[in-house]
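Reading the structure
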Amino acid sequence: MEVMQLLHMNGGMGETSYAHNSFLRRKVILMTKPIMEAAVTALFSTAATTFPTSLAIADLGCSTGPNTLFAVSEIISIMINLCKATKHELPEFQVFLNDLPGNDFNTIFSSFLPRFQEKLSEQMKSQNGVSTTLPCFFSGVPGSFYGRLFPRESLHLIHSSYSLMWLSQVPRGLEGNRGNIYMARSSPPKVLRAYYEQFQRDFLTFLECRGQELVVGGRMVLTLLGRRSDDPSSKECCYIWELLAIALNEMVSEGLIEEEKLDSFNIPQYTPSPKEVRREVQKHGSFSIDCLEVSEVNWSVFDSDFDPNVVSEDGGYSMARCMRAVAEPLLVDHFGEEIIDEVFKRYRAQLADRMSKEKTAFVNVVISLKKIA
């Protein structure tokens, strides 16, 4: 599987697009706002006497949809408030939006950027009483963050949410993972080991690249899907894919999918524990850890504590649409487009059944880092 070409969320503005099914990620960005606020404040305080006239911010794995600029909006708002409180002149903002080349950058720049700039102008006017255009310059940066993307020591702040659990490739050595599409309780030990070793290589490469691109004292806030358990096949991180595997296995038993096709399909993802993330950061040595936290978010993207004005048809429907926006390009490439509606119909039934009977939640690992060398 060529992950570089295939790994992207559903583009456009249709019913199954990521733009219309990314409420979960927005909720996670809101949950991690205090950590981002602390990182931006620390960056500001460290450089207060020689604060840069231009602040470079990169959002890695930005995807598409309204969330693409949501995290950037939060960062800029924090900086505006800090400058106002300390009577510092606002810097110019350079904002780099990065994702793989298959990402729908066109929708970002045609549909979401104009709205963002309009809201930013309104915010400046409400705070200053006059119409002021904030100097904010945007660039799209297509490419894998498992390689260099920016010049040496050119960035001050890096943000990434729900992206770094995706691997640069499907690990080698998964031939014995029959009937599964990810790590599972029935996966052989060598499969779990192959996934972990791929994560180690990728995460260390990511840290090496970002260590070269950040200025000394620069900050990085990363949110990954993860787990609390030391067991990489634990239910808390693998259940969402196990239920999809059940739907696909049903279709194999009915002759709708070839068994060989299913056995050769594996998700290029690894959901690390906080211990594993900390170990790789310490091994690399260019960053100190300001904060490392674990949180949970319910599978229901329409949780009442997120938006009480939105009523979901059912949890399985909402979650299936969310997962379709994420996984459809991978499934279409491997199995073909004709089975997709049936796959997600069955997946929805699996999700609805489990969500009605037990607590289902994603585990988030959030880490805030400072570049020290």
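Structure's up top.
What you see is a predicted model, and the numbers here were worked out from it, not measured in a lab.

1. Topic: the overall build of the protein
Assigned secondary structure in the protein consists of eleven helices and seven strands. Taking all 373 residues of the protein together, 57% fall into the buried category. Taking as baseline every contact in the protein between residues at least 6 positions apart, the subset at least 24 positions apart corresponds to 84%. A total of about 15,600 Å² of accessible surface is found on the protein, and carbon and sulfur atoms cover 50% of it.

2. A look at helix α7 (residues 235-253)
Along α7, the largest kink reaches about 30 degrees and is centred on Trp241. Looking one or two places after α7, you find Gly255, whose phi comes out positive at around 80 degrees.

3. Points about unusual backbone geometry
Positive phi is not limited to glycine here, since Lys87 has a value of about 60 degrees. Structurally, Lys87 can be placed in the loop between α4 (70-86) and β2 (92-99). Positive phi, close to 50 degrees, is recorded for Glu153, a residue that is not glycine. You can call Glu153 partly exposed: its relative accessible area is 48%.

4. Observations regarding the packing of helix α6 (residues 189-213) against helix α9 (residues 274-284)
Relative to each other, α6 and α9 sit at 45 degrees, their axes nearing to 10 Å. Comparing the axis directions of α6 and α9 gives the class oblique. Relative to α9, the crossing made by α6 is right-handed. On the side of α6, the interface is formed by Tyr196, Phe199, Gln200, Phe203, Leu204, Leu207 and Glu208, while α9 contributes Glu276, Val277, Arg279, Glu280, Val281, Lys283 and His284. Split into classes, the residues belonging to the contact of α6 with α9 amount to seven nonpolar, two polar and five charged.

5. Considerations on the packing of aromatic side chains
Taken as a whole, this structure holds ten aromatic pairs when the rule is applied. Each ring, one from Phe199 and one from Tyr270, has its centre 5.1 Å from the other, and the planes form 25 degrees; the classification is stacked. In this pair, Phe199 is assigned in helix α6 and Tyr270 in the loop between α8 (259-263) and α9, connecting sequence segments 71 residues apart. For the residue pair Phe199 and Tyr270, the accessibility class agrees, reading buried in each case. With a centroid separation of 6.3 Å and 5 degrees between ring planes, the pair formed by Phe203 and Phe206 is classed as stacked. Placement of the pair is Phe203 and Phe206 together in helix α6, with a separation of three residues, close to one helical turn. Judged by its relative accessible area of 1%, Phe203 is buried.

Criteria and thresholds
- Residues numbered from 1 in each chain as written.
- Predicted model: local features only at pLDDT ≥ 70, side-chain atom pairs only at ≥ 80, totals over all residues.
- Heavy atoms only, no water.
- Helix = DSSP H or I, 4+ residues; strand = E, 2+ residues; numbered from the N terminus.
- Buried < 20%, exposed > 50% of the residue type's maximum accessible area, 1.4 Å probe, protein only.
- Contact = heavy atoms within 4.5 Å.
- Areas by Shrake-Rupley, 256 points an atom, 1.4 Å probe, with all protein chains shown as cover.
- Bend = angle between axes of the 7 residues up to and from the residue.
- Axes fitted to C-alpha atoms, helices over the stretch in contact; angles between N-to-C directions.
- Parallel < 35°, antiparallel > 145°, perpendicular 65-115°, else oblique.
- Left-handed = near helix turned anticlockwise from the far one by under 90°.
- Nonpolar A, V, L, I, M, F, W, Y, C, P; charged D, E, K, R; others polar.
- Phe/Tyr/Trp six-rings, centres within 6.5 Å; stacked < 30°, edge-to-face > 60°.

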